[in-house]
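Each chain, written out:
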Protein chains: 2
Amino acid sequence: MKRLLRKGIENLTPYPPGKPIEELERETGIVDSIKLASNENPLGPSPKAIMAIKENLNNIHRYPDGSCYNLRQKLAQKFGLPMSKIIVGNGADELIGLVVYTFLSPGEEVVLPWPTFLLYEKVVEGFGGKRVTVPLSNFSIDLPAILKAVSSATKIIFINNPNNPTGKALKKEELVHFLHSLPSDVIVVLDEAYIEFATDPKVASVVELLESYPLLVALRTFSKAYGLAGLRIGYGFASEMIIDGMNLVRQPFNANYLAQVGALAALDDEEFVNKTRTIIRDGLEFLYSQLDRIGLEYMTTQTNFLLIKTTLGAEETYRRMLREGVIVRSMESFGLKDYIRINVGLPEENKRFMKTLEKILS
Amino acid sequence: MKRLLRKGIENLTPYPPGKPIEELERETGIVDSIKLASNENPLGPSPKAIMAIKENLNNIHRYPDGSCYNLRQKLAQKFGLPMSKIIVGNGADELIGLVVYTFLSPGEEVVLPWPTFLLYEKVVEGFGGKRVTVPLSNFSIDLPAILKAVSSATKIIFINNPNNPTGKALKKEELVHFLHSLPSDVIVVLDEAYIEFATDPKVASVVELLESYPLLVALRTFSKAYGLAGLRIGYGFASEMIIDGMNLVRQPFNANYLAQVGALAALDDEEFVNKTRTIIRDGLEFLYSQLDRIGLEYMTTQTNFLLIKTTLGAEETYRRMLREGVIVRSMESFGLKDYIRINVGLPEENKRFMKTLEKILS
């Protein structure tokens, strides 16, 4: 196969194929498992989104609106931006790829923190681009070190704020200083997938900075706070220069119809987003206090998930929890071999998680 | 912006933004318009797909199964292939792009008929690849001319069978001969989006030829015969070598959850596919006879759409029909400036189309 592949991607390693929960349950004989591995919304999907989808099911034989007119119009109103500065994707995932496909030329570099959301790396490698990796400092993205890693070859920087998997967030002030210090020809992708969960008032979206930084791209998603991960719908804000460029390469019908319908309705579902924030905040308080009680280290978080250090190691903890029907994420692939990551679940799920963790550790 | 774009795509032209029907209706003041412009299914979506989606709406906060396990398993059973030879995409559109992103290196060429489905060209240009265009012969794909256009630089050939927008199909025997005559290092993408509509018994899918041609990729879609264009779901068959390569570059969660659920159910909806075939066949008979009656040229078709030559020219016909609330497709962007394309509609839509066409031409 290598001979056949595009030059520059011959050494890619396959993505693990993965199996649906039902398949795992069938194989392991476990029923009633709970999944805390993918930072999904414990409350389920936005009810307004579900209602809107139900009402529009009879139209799914039509191609979606390729321009996402209605959704972009609503986002424009909500964020006080012109529609021309908004793009919608098949999840924010697609937009991450699109930035690379649209702007990265051979020989140019992408600067990334590590560990961070795995897709940045995957997309750059899949494109045959060069990565420059900057380790976190004390589990936080190290902006001064990233600045030092920037060279004349740098084209794109990815920053996940708050950062997955550590849950740490940069303050807006730090980001302003960082953007101000960068060369003017570097594209900065600020992935704000978890920004709705941030409780530190100094952590905030960079949307309002778009005017001052023409090469800033802010990415957002409906997968987390709105509970629509299955629909695949995310969006990006940037200057017209960036958005027009991405639209040149974007697939004409990238965002599916039910995702557009659901996302549009979800934007009106503030009640749901508020309930989500409350259940995450309360769940974190419970988990912090329980982890303190049993003396396990963890990271306080600005998101709906948290890192926990386990004395059994990441993989062994993952496997033993799985056998008990509690699906967590081993952080070994993120280079954190003593950590697991869980998202906050429903109160009963958080209790079951703690009970199971205590059981396997004792 | 050009300075910023990836090298090789600086001269791309923007894709027209497009507006939803509701927006067009608002602007033109027309209500009750009918759309025959996108080769969609006149019967709507598969009812079994709608039912399955309704039953699974409460799970849309979960990420989709990135491996599309259940859908690939069902496709494997239906087509008698191993799951390892099947890939699922965000519409067949995504898979068209993925073949190019995965296999086309700088300097290599893609051979395409013309006119054909516009996305092949768009994807190759968006990637900065070189196109070699081979004109149709008498509205059919000219396989001998394509063979002549193949050089040592050729990496990929796109063949749309039946061909959009002409509706003509190649016979299986011709394709076997063609595949047999090609150098063994050329990837052939056979896009069979409309194959379910072919009535000529000599026109058939190439799925069973996969064993003999390791670089053959057959693409299929749920957008047409199953009426699921809005969901964005298509699939491809190829050797493990090709599929494994594409999976290296594919986004982990490319196919959304409701699309997977809907497609899985639609595969069991033979009743719907048969009803669709009948309404298309009957509609074509009606349209042929009416067009004969008023003396307009048209192309007989192996699909759910047909080309009609109009004495007013493509653009003018499109505009006048639009004013009457009948949305057709001007073929000017396909280089056919005297032609419009319509898909077969419901019987009352076909009647309204004919009545309106007669009115604007008289």
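Residues numbered from 1 in each chain as written. Chains lettered and ligands numbered in written order. Predicted model: local features only at pLDDT ≥ 70, side-chain atom pairs only at ≥ 80, totals over all residues. Heavy atoms only, no water.

S.K.: Help me out: how do you make sense of the sheet that holds strand S9 (residues 305-309) of chain A in this one?
M.R.: Strands in a sheet are paired, the pairing made by backbone hydrogen bonds, and the direction either parallel or antiparallel. All names here are of chain A. The strand order across the open sheet formed by three strands is S9-S12-S11, and the pairing between neighbours is antiparallel. Edge positions in the sheet fall to S9 and strand S11 (329-330), since each of these pairs with one other strand and no more. As paired strands, S11 and strand S12 (residues 339-343) are joined by two bridges and run antiparallel to one another. Counterpart to Arg 329 in the pairing with S12 is Arg 341. Contacts between helix H10 (residues 270-294) and the sheet are confined to S9 and S12, with S9 contributing the most and set at about 5° to the helix. (Pairing = 2+ DSSP bridges. Helix = DSSP H or I, 4+ residues; strand = E, 2+ residues; numbered from the N terminus. Contact = heavy atoms within 4.5 Å. Axes fitted to C-alpha atoms, helices over the stretch in contact; angles between N-to-C directions.)

S.K.: Even after reading the chapter, I still don't get the packing of helix H11 (residues 314-323) of chain B against helix H12 (residues 347-361) of chain B, so can you show me in this structure?
M.R.: A pair of packed helices is captured by two measures, namely the crossing angle of their axes and the spacing between those axes. All names here are of chain B. Two elements in contact, H11 and H12, have axes whose closest approach is 10 Å; the angle formed by their N-to-C orientations is 120°. When you trace H11 past H12, the crossing you get is right-handed. Touching Thr 317, Arg 320 and Met 321 of H11 are Phe 353, Thr 356, Leu 357 and Ile 360, all from H12. Broken down by class, the residue content of the contact of H11 with H12 amounts to four nonpolar, two polar and one charged. (Left-handed = near helix turned anticlockwise from the far one by under 90°. Nonpolar A, V, L, I, M, F, W, Y, C, P; charged D, E, K, R; others polar.)

S.K.: Which parts of the structure should I look at to understand the relation of the copies chain A and chain B?
M.R.: In this arrangement, two copies of a chain are superimposed by a rotation about an axis accompanied by a shift along the axis. Here chain A sits on chain B after a turn of 180° about the axis and a move of 0.0 Å along it, with an RMSD of 0.0 Å. The superposition operator between the copies reduces to a two-fold rotation axis. Minimal C-alpha separation from the rotation axis in chain A is found for Lys 54 of chain A, amounting to 3.4 Å. Of the residues that chain A buries at the interface, 100% are likewise interface residues in chain B, meaning the two copies contact each other through the same surface. (Least-squares fit on C-alpha atoms with pLDDT ≥ 70 in both.)

S.K.: Looking at this structure, how should I read the domain arrangement of chain A?
M.R.: Quite often, the size of an interface is put as the accessible area lost when its parts meet. Residue and element names in this part refer to chain A. Along its sequence, chain A is organised into domain 1 (21-45 + 270-361) and domain 2 (57-265). Facing 26 residues of domain 1, the contacting portion of domain 2 comprises 25 residues. Between domain 1 and domain 2, roughly 2,100 Å² of surface is buried when both sides are summed, and carbon and sulfur atoms account for 63% of that area. A per-residue breakdown of the area domain 1 buries against domain 2 is headed by Gln 302, Phe 305 and Phe 334, which together make up 31% of the total. Connecting domain 1 to domain 2 are zero salt bridges. Remark: the boundary between domain 1 and domain 2 carries 12 residue pairs in polar contact (both at pLDDT 80 or more). It is H10 that contributes the most residues to the side of domain 1 that touches domain 2, five residues altogether. (Domains from an automatic or database assignment. Buried area = accessible area lost by both parts, 1.4 Å probe. Salt bridge = Lys/Arg side-chain N within 4 Å of Asp/Glu carboxyl O. Polar contact = N/O pair within 3.5 Å; in protein donor to acceptor, adjacent residues only side chain to side chain.)

S.K.: Explanation requested: the packing of aromatic side chains in the structure shown.
M.R.: Within a pair of aromatic rings, the relevant descriptors are the distance that separates the centres and the angle that separates the planes. In the structure shown here, the tally under the stated rule is 25 aromatic pairs over all chains. With a centroid separation of 5.2 Å and an interplanar angle of 45°, the aromatic rings of Phe 222 of chain A and Tyr 235 of chain A are classed as tilted. You can see Phe 222 of chain A sitting in the loop between strand S7 (216-221) and strand S8 (234-237) and its partner Tyr 235 of chain A sitting in strand S8, a full 13 residues away along the chain. The same class applies to Phe 222 of chain A and to Tyr 235 of chain A, which are both buried. Linked through ring pairs, Phe 79, Phe 222, Tyr 226, Tyr 235 and Phe 237 of chain A together constitute an aromatic cluster. Note that Arg 6 of chain B overlies the ring of Phe 127 of chain B, its terminal NZ or CZ placed 5.5 Å from the centroid. Over the ring of Phe 305 of chain B we find Arg 341 of chain B; its NZ or CZ atom is 5.7 Å from the centre of that ring. (Phe/Tyr/Trp six-rings, centres within 6.5 Å; stacked < 30°, edge-to-face > 60°. Buried < 20%, exposed > 50% of the residue type's maximum accessible area, 1.4 Å probe, protein only. Lys NZ or Arg CZ within 6 Å of the ring centre and 35° of its normal.)

S.K.: Any chance you could explain unusual backbone geometry here in plain terms?
M.R.: The phi torsion of most residues other than glycine is negative, and most of the peptide bonds are trans. Residues and elements named next belong to chain A. The omega torsion of the bond from Asn 161 to Pro 162 falls at -5°, within 30 degrees of zero and hence cis. With respect to the secondary-structure elements, Pro 162 resides in the loop between strand S5 (154-160) and helix H7 (172-181). Omega for the peptide link from Asn 164 to Pro 165 comes to 20°, which places this bond in the cis form. By the element assignment, Pro 165 lies in the loop between S5 and H7.

S.K.: In this structure, what is going on with the interface of chain A and chain B? I would like to understand it.
M.R.: Contacts between the two partners involve 76 residues from chain A, matched on the other side by 76 residues from chain B. Between chain A and chain B the total buried area reaches about 6,600 Å² when both faces are included, carbon and sulfur atoms providing 61% of it. Across the chain A-chain B interface, the total number found is two salt bridges. For Arg 62 of chain A, the salt bridge identified is with Glu 40 of chain B, shortest N-O distance 2.7 Å. Across the chain A-chain B interface, the total number found is 32 residue pairs in polar contact (both at pLDDT 80 or more).

S.K.: I keep staring at the nonpolar core and nothing clicks. Help me out?
M.R.: Generally speaking, nonpolar side chains in soluble globular proteins are found buried as a group. Ranked by size, the top nonpolar core spans 165 residues in total, and within it Ile 159, Phe 222 and Phe 353 of chain A together with Ile 159, Phe 222 and Phe 353 of chain B carry the most contacts. Here Ile 159 of chain A is in contact with Ile 141, Leu 143, Ile 146, Leu 170, Phe 178, Val 188, Val 189, Leu 190 and Asp 191 of chain A, once residues within four sequence places are set aside. By size, the runner-up hydrophobic cluster in this structure holds 66 residues, among which are Val 100 of chain A together with Leu 95, Ile 156 and Phe 158 of chain B. (Core = buried A, V, L, I, M, F, W, Y, C linked by side-chain atoms within 4.5 Å.)

S.K.: I tried to follow the pattern of salt bridges on my own but got confused; where do I start?
M.R.: When the charged atoms of two side chains lie near each other, side chains of opposite charge can form a pair. Considering all chains together, one arrives at 32 salt bridges over all chains under this definition. With a closest N to O distance of 2.7 Å, Glu 211 of chain A and Lys 85 of chain A form a salt bridge. Of the two residues, Glu 211 of chain A sits in the loop between strand S6 (187-191) and S7 while Lys 85 of chain A sits in the loop between helix H3 (69-79) and strand S2 (86-89), which places them 126 residues apart along the sequence. In this structure Lys 85 of chain A comes out as buried when scored by relative accessible area, which is 10%. Residue Arg 220 of chain A pairs with Glu 196 of chain A through a salt bridge whose shortest N-O separation is 3.8 Å. Pair noted here: Arg 220 of chain A is in strand S7 and Glu 196 of chain A is in the loop between S6 and S7, with a separation of 24 residues, a long-range link. The class for Glu 196 of chain A is buried, based on a relative accessible area of 9%. One network of salt bridges, in which partners are shared, links Lys 35 and Glu 40 of chain A together with Arg 62 of chain B.

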